[in-house]
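A look at the structure
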Amino acid sequence: MIPVSEFERRPGARRDAQRNRQRIIDAATRALTTGPDPVKMETIAHEAGVGVGTLYRNFPSREALVEEVYRSQLTRLCAMAAQLVADHPPADAMREWMRRYQDFVATKHGMAEALRAVIASGAISSGQTREHIDGAIATILDAGRRDGSLRADVPPADVSASMAGIMLTAADVDQATRMLQLLVDGLLARASS
């Protein structure tokens, strides 16, 4: 039998702990994705309405917190593909998903240094990220293939590699937006003549 701590025996404690953890993640997401400056852990704890001890109990290091923020944002971004396909025609869903991908990439500046450390440690791999992103793209491409609006000969990995290249090479946000639009246009099925 696994021993139960005094904390776990208190009614509602687990719910409170889960709520505190989510508040920390939400506060960290806002703090880490809104500016280029590194944010102090104490500031994140204050914004979450918890003590620094609670923050460190949940996330023993800045890297652990950044990893969780990154994972939760990636999960949210990828899960969005199915909802977009349910609400929009596939080409529109792809445009909107790419816009959100662009936002996802653009908001990593405040956690760039810590994110590099997390990636270097192997906690997050580019392969895992690519797998999730390819899955989201496949969801949209499959819907477009079924209704004939998107090309059937383009693998998701080609789309994700193209998106990554655009984000790495675009001179500014406007150019990235135009290039992503060109990518979507290239995915549209063409009627044969």
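Everything below is about the structure shown above.
I will try to describe carefully the structure that is included in this document. Keep in mind it's a predicted model, so treat the numbers as computed, not measured.

1. Points about the nonpolar core
With 50 residues, the main nonpolar core has I44, W97, M98, V159 and M163 as its most contacted residues. At the level of elements, α2 (13-33), α3 (41-48), α5 (62-87), α6 (90-106), α7 (112-121), α8 (126-147), α9 (156-169) and α10 (173-187) are the ones that each hand at least two residues to this core. At 9 residues, α5 tops the list of elements feeding residues into this core. Not counting residues within four places of it along the chain, the set of residues in contact with M98 comprises V159, M163, L180, L183, V184 and L187.

2. Overview of the environment of D92
Mapped onto the fold, D92 is located in helix α6. Separated by 48 residues in sequence, D92 and I140 place their C-alpha atoms 9.7 Å apart. Separated by 3.2 Å, the side chains of D92 and R95 make a polar contact.

3. Some points on the packing of α6 against α8
Relative to each other, α6 and α8 sit at 165°, their axes nearing to 9 Å. Relative to α8, the element α6 lies roughly antiparallel. Classified by chirality, the crossing of α8 by α6 is left-handed. Facing P90, A93, M94, W97 and Y101 of α6, the residues of α8 in contact are I133, A136, I137, I140, L141, A143, G144 and D147. Of the residues that constitute the contact of α6 with α8, the class distribution is 11 nonpolar, 1 polar and 1 charged.

Definitions and cut-offs
- Residues numbered from 1 in each chain as written.
- Predicted model: local features only at pLDDT ≥ 70, side-chain atom pairs only at ≥ 80, totals over all residues.
- Heavy atoms only, no water.
- Core = buried A, V, L, I, M, F, W, Y, C linked by side-chain atoms within 4.5 Å.
- Buried < 20%, exposed > 50% of the residue type's maximum accessible area, 1.4 Å probe, protein only.
- Helix = DSSP H or I, 4+ residues; strand = E, 2+ residues; numbered from the N terminus.
- Contact = heavy atoms within 4.5 Å.
- Polar contact = N/O pair within 3.5 Å; in protein donor to acceptor, adjacent residues only side chain to side chain.
- Axes fitted to C-alpha atoms, helices over the stretch in contact; angles between N-to-C directions.
- Parallel < 35°, antiparallel > 145°, perpendicular 65-115°, else oblique.
- Left-handed = near helix turned anticlockwise from the far one by under 90°.
- Nonpolar A, V, L, I, M, F, W, Y, C, P; charged D, E, K, R; others polar.

By themselves these figures say nothing about function.
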